Amino acid sequence: MYSKVKGYPRLARFFKMLENDEEVQSLLKMANVMAVTRLFYNDHGVVHSRTVSGSALEIMDILERRGIQPSLVRDGEGDYEDSRIVVLGGAYLHDIGNALHRDMHHVHGAYLAEGILKRMLSKLYGSDKHRAVVIRQEILHSIFSHDEGVIPLTIEAGIVKVADGTDMAEGRARIPYKLGKSDIHSFSALAIKRVEVDEGRDRPIEILVDMENEAGIFQVEQVLGVKIKSSSIAHLVEVQVMKRGEPLKVWKVL
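Since we're looking at a predicted model, the values are computed, not measured.

This paragraph deals with the overall build of the protein. From N to C terminus, the protein includes 12 helices and 4 strands. Relative to the compact-globule value of 18 Å for 254 residues, the protein shows a C-alpha radius of gyration of 17 Å, a close match. Each of the three principal axes of the protein carries a C-alpha extent, and together these read 55 × 40 × 30 Å. Evaluated residue by residue, the protein yields a buried proportion of 56% over its 254 residues. Restricting the contact set of the protein to residue pairs at least 6 apart, pairs at least 24 apart contribute 65%. With the model as given, the accessible surface of the protein reaches about 11,300 Å², and the carbon-plus-sulfur share is 52%. Across the protein, 34 positive and 36 negative side-chain charges occur, with their mean positions spaced 3 Å apart.

Okay, structure coming up:
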């Protein structure tokens, strides 16, 4: 993560704020209590937040290299660093709503994040109150739009949604599996050994998913695939599915 933020002073400061904020960290801890301990779901805490944030910023870098403008820049409301702040904020905070309940957690998350973002962004942007409000609302949009039933209206929110789907390797499923969860979700997640975000040839974003066996296909199609389909940036993404390092299939939305 640090390599993704170090070239941008304001972005790096924002990441430090998120990492060191007691309210944010407590909400993420409670999100895991609700999701993992009580519902036997995969990790939804700070490790998930950091993983999704790193993937999201990597996608952002690739799209910039390929000349694809983020919505904030295109609409004249901010620069590329501002767009990265939106992506980081949305990715890091997208699951805090689980601290209240899994049901409608994308809605709860937006409400819970609003006060946090007001506090942080007022420090980050100082006297530029308009910019702070714009960034706040764009981050809230990203949090709200990460649900599969909501279509993102910005590139930034689409990035967050796709990045959320990329965190599906086996480590994320180990705790609920040890607690007794044995279903297609856990078995499929345990089959995924490696997920990488890279620059593609046919499409800008290539997500490489390497699995131990075909059970991992469920994760690609029913977890990551659903996120991509509803991301508004599906035309920019393809998934290279591997089995023990050997090509198995290419998955993409046509």
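After that view, the rundown keeps rolling.
With that settled, the discussion passes to the sheet that holds strand β1 (residues 192–199). The 4 strands lie next to each other as β1-β2-β3-β4, forming an open sheet whose pairing is mixed. At either end of the open sheet lies a strand with only one pairing partner, and these are β1 and β4 (246–251). If you compare each strand with its neighbour and ignore which way they point, the axes differ by 20° on average. One ladder, built from 5 bridges, connects strand β3 (residues 237–243) with β4; its direction is antiparallel. Bridge assignment links V241 to a residue of β4, and that residue is K249.

The next thing to look at is the pairing of β1. Regular strands place side chains that alternate from one sheet face to the opposite one. In this structure, β1 lies alongside strand β2 (residues 205–211), joined through 7 bridges in antiparallel fashion. Looking at the pairing, V195 lines up with V209 of β2. Between the antiparallel neighbours β1 and β2 lie 5 residues.

A word on the pattern of salt bridges. As enumerated under the stated definition, the model contains 19 salt bridges in all. Two residues, D164 and K227, come together in a salt bridge whose shortest N-O distance is 2.9 Å. Taken as a pair, D164 in helix α9 (residues 155–166) and K227 in helix α12 (residues 217–229) lie far apart in primary sequence, 63 residues in all. Given a relative accessible area of 9%, D164 falls into the buried group. Linking R244 and E212 is a salt bridge whose minimum nitrogen-to-oxygen distance equals 3.2 Å. Note that R244 is positioned in the loop between β3 and β4 and E212 in the loop between β2 and α12, a separation of 32 residues in sequence. With a relative accessible area of 30%, E212 lands in the partly exposed category.

A word on unusual backbone geometry. Comment: phi is negative for the bulk of residues other than glycine, and the bulk of peptide bonds are trans. Notably, F40 is not glycine yet its phi reads approximately 65°, a positive angle. With respect to the helices, strands and loops of the structure, F40 is situated in the loop between α3 (22–38) and α4 (46–65). A relative accessible area of 33% means that F40 is categorised as partly exposed. You will see that S232, though not glycine, has its phi angle at about 75°, which is positive. Topologically, S232 is positioned in the loop between α12 and β3. Residue classification places S232 among the partly exposed positions, given a relative accessible area of 37%.

Okay, helix α7 (residues 105–125) next. Over its 21 residues, α7 runs 28 Å from end to end, which matches the ideal 30 Å to within 8%, given 1.5 Å per residue. The largest bend along α7 reaches roughly 35° and is located at A113.

A separate point is the environment of M104. Tracing the backbone through its elements, the reader meets M104 in the loop between α6 (80–93) and α7. Take M104: its relative accessible area is 51%, and that puts it in the exposed class. Taking the C-alpha atoms as reference points, M104 and I59, 45 residues apart in sequence, are found 26 Å from one another.

Bringing α9 into the picture now. In this model α9 runs 17 Å from its N-terminal to its C-terminal C-alpha over 12 residues, within 8% of the 16 Å that 1.5 Å per residue would give. With 12 of its 12 residues buried, α9 lies for the most part within the structure. Among all positions of α9, only I155, E156, A157, G158, I159, V160, K161, V162, A163, D164, G165 and T166 are buried.

What counts and what doesn't
Residues numbered from 1 in each chain as written. Predicted model: local features only at pLDDT ≥ 70, side-chain atom pairs only at ≥ 80, totals over all residues. Heavy atoms only, no water. Helix = DSSP H or I, 4+ residues; strand = E, 2+ residues; numbered from the N terminus. Rg over C-alpha atoms; globule rule 2.2 N^0.38 Å. Buried < 20%, exposed > 50% of the residue type's maximum accessible area, 1.4 Å probe, protein only. Contact = heavy atoms within 4.5 Å. Areas by Shrake-Rupley, 256 points an atom, 1.4 Å probe, with all protein chains shown as cover. Lys, Arg positive; Asp, Glu negative; His and termini not counted. Charge placed at Lys NZ, Arg CZ, Asp CG, Glu CD. Pairing = 2+ DSSP bridges. Axes fitted to C-alpha atoms, helices over the stretch in contact; angles between N-to-C directions. Salt bridge = Lys/Arg side-chain N within 4 Å of Asp/Glu carboxyl O. Expected span 1.5 Å × (residues − 1). Bend = angle between axes of the 7 residues up to and from the residue.

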